[in-house]
Amino acid sequence: TSLHIVYILHIVYSLHMCLSLTALQSKRDTSSQSPVPHRSTGLTEVMGTVTVLNLAGDVVLSHPCTPGLSVAELRSKLPDPFMWELIWEGHPALRDEETAGQLGWSDAVTLSAVARSADYDAAIHALRGSEWSKAPPLEQNEVKRLCTRAQEILLAEPSLLTLEPPVVVSAHPTGHMKTLNYIFDTFGEPGGTVHLFLGNYVNRGKHSLEVFILLLSYKLKYPEQLHLLRGRYDCGNLGRIYGFYDQCKPRYGVKFWKTFVEVFNSLPIAAVVGSRIYCVSGGLSPSMRSLEDLRQLQRPTEVPDQGLLCDVLWSDPDALPGWQEIPKGVSYTYGPDIVEQFLRENELDFMVVGNQVVEDGYEVSGPRCTLFSVPDYCGEFNNRGAVLLLDENLERHFTVFAMADVERSR
């Protein structure tokens, strides 16, 4: 028994000496380095937490931060990891091979997940080029990235946008790619010009995919300078009837058509420019008492058969006073008295809508204007198109153009 006790004491003494020597060596190593927090730790020591947010501010990933944690490892834990770049405090996208230790992370670190910029830059370059009609379509994974990121950006915006002038306002591009390129050629691209579109991006025209992909690409690149409202055609039901479904299905399949519909369901509804000018695709609703009703609309959402959202997308202005049921069976027409009452009660001066074809591209009736930006609409109308510039003082400047102008521009 005595031998056992001696043997145990010997082991304890030996362990004590080993631990003391290890601690002394660690202290010497630490004292010889710069006093940077956590840099001298092992690759597995937890320094804090890395949190990854999407644009809406939702947490999509929370992960322990160790010195050896790489950007590639973080991305791999995101849904559809190939879609994302990680941004830290506004710096350029982090490289996959960079690690937490190299970046100097400690304690709590917050990153943003953004779509890879090369995808939408390539789409813009191709669709804005002179040979845009020959540009190859985006690959399915690129479309998925584009739509996912765009939906995040759109849902981070309120249902009622508040914009400051100057703003270029356009309406109803509906798959007319030549006209869309003419608008950007004439009035400037996003990045130098703030644009507001009043909805109806697809259907009717032959190039709905190109129109919507270009607009979403610009939205990703310049989210504060391109604003997209929802129109009556921007929904799944009408897409099946008026052409968008037929354009999308052979190129991307039904699954990706539904992906575009999810983006439609996320679009803001209306905008107020300079606190004085109300802009919307359709107009007003007997269910709307104030602008606050629009702010409270929840998205993503499909368009119901009746009610506030249905009305602001489907209602039309009319010369008859009051509210009148529309013969086509959806929503109402509203008269000049309804417009004046709405503007007065909401301290607004003017209203711009964009649902109806008008001969000269725009039509002003009192404090309300109907705007339509596609000339020779679908080859069925002999109308001109128009774009509205709201300048710094909210003065209105209309530019009218014919299809001949569009054809000459390229």
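Residues numbered from 1 in each chain as written. Predicted model: local features only at pLDDT ≥ 70, side-chain atom pairs only at ≥ 80, totals over all residues. Heavy atoms only, no water.

Per an unreviewed UniProt entry, the protein chain goes by protein-serine/threonine phosphatase and derives from Durusdinium trenchii.

Colleague: Describe the sheet that holds strand β18 (residues 396-401), and please don't skip the residues or the numbers.
Modeller: The strand order across the open sheet built from five strands is β8-β7-β6-β17-β18, with neighbouring strands paired in mixed fashion. Unpaired on one side and paired on the other, β8 (226-228) and β18 mark the two borders of the sheet. The sheet shows a mean angle of 20 degrees between the axes of neighbouring strands, direction not considered. With three bridges joining them, strand β7 (residues 195-197) and β8 adopt parallel strand pairing. By the bridge assignment, F197 is partnered in β8 with L228. Its contacts with the sheet place helix α6 (residues 177-187) against β6 (167-170), β7, β17 (385-390) and β18, and it is angled at close to 155 degrees to β7. The strands touched by helix α7 (residues 208-221) are β7 and β8; relative to β8, the strand with the most contacts, the crossing angle is about 125 degrees. (Pairing = 2+ DSSP bridges. Helix = DSSP H or I, 4+ residues; strand = E, 2+ residues; numbered from the N terminus. Axes fitted to C-alpha atoms, helices over the stretch in contact; angles between N-to-C directions. Contact = heavy atoms within 4.5 Å.)

Colleague: Please give an account of helix α9 (residues 244-252) that cites residues and values.
Modeller: Burial in α9 covers these residues: F244, Y245, Q247, C248 and Y252. Viewed along the axis of α9, the buried residues span an arc of 160 degrees, placing them on a single side of the element. Turned more than 90 degrees from where α9 packs its buried face, D246 and P250 sit exposed. Tucked inside the fold, the buried residues of α9 contact α5 (140-156), α7, α8 (236-242) and α10 (254-264). One or two residues past the end of α9 sits G253, with phi positive at roughly 90 degrees. (Buried < 20%, exposed > 50% of the residue type's maximum accessible area, 1.4 Å probe, protein only. Arc of directions from axis to C-beta.)

Colleague: Provide a residue-level description of the sheet that holds strand β10 (residues 277-280), including the pertinent values.
Modeller: Read across the sheet, six strands follow the order β5-β9-β10-β14-β16-β15 without closing on themselves; strand pairing throughout is mixed. Two strands in the sheet have a free side with no partner beyond their single neighbour: β5 (160-163) and β15 (362-365). Between one strand axis and the next, the sheet turns through 20 degrees on average, direction left out of account. In this structure, strand β14 (residues 350-353) lies alongside strand β16 (residues 368-371), joined through three bridges in parallel fashion. If you follow V352 over to β16, its bridge partner there is C369.

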